[in-house]
Amino acid sequence: MLARVTRVVSARRVPLGMRGYSGRTEGSVAQTKEFGKKERAHEDEYARRHDAELLRKLRAEVDKKKKELAELEAKVEEHEQTK
């Protein structure tokens, strides 16, 4: 009986690294040309959207500063006319 248990236990000891792979290594999907092109396209799209958002915020800030400057110039003119 002990011999049977020993055979069963020893038969199950197969190293996991011994699996048979079909020529490709792990992670080879990321190395294919099509995947790389698609990934690059997504990154470029993200960069364009990010840059557009930053540009929109900067333009809004410039417009706000222009209005603020116009108000200050109007106050200066009004102050000069009252003298």
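As shown above, the structure is provided for reference.
Computed from a predicted structure; not experimentally measured.

### So, the overall build of the protein chain
Next up, step 1: Within the protein chain, the regular secondary structure consists of two helices and zero strands.
Next up, step 2: For the protein chain, the accessible area works out to roughly 8700 Å², and carbon and sulfur atoms hold 56% of it.

### A closer look at the pattern of salt bridges
Next up, step 1: Overall, the coordinates contain two salt bridges when judged by the stated rule.
Next up, step 2: Of the charged contacts, one joins Arg-56 and Glu-53 as a salt bridge, the two residues approaching to 2.5 Å between their closest N and O atoms. Here the residue Arg-56 and the residue Glu-53 both occupy positions in helix α2 (residues 33-82), the gap between them amounting to three residues, near one helical turn.
Next up, step 3: On the basis of relative accessible area, Arg-56 is assigned to the partly exposed category, the value being 48%.

What counts and what doesn't
Residues numbered from 1 in each chain as written. Predicted model: local features only at pLDDT ≥ 70, side-chain atom pairs only at ≥ 80, totals over all residues. Heavy atoms only, no water. Helix = DSSP H or I, 4+ residues; strand = E, 2+ residues; numbered from the N terminus. Areas by Shrake-Rupley, 256 points an atom, 1.4 Å probe, with all protein chains shown as cover. Salt bridge = Lys/Arg side-chain N within 4 Å of Asp/Glu carboxyl O. Buried < 20%, exposed > 50% of the residue type's maximum accessible area, 1.4 Å probe, protein only.

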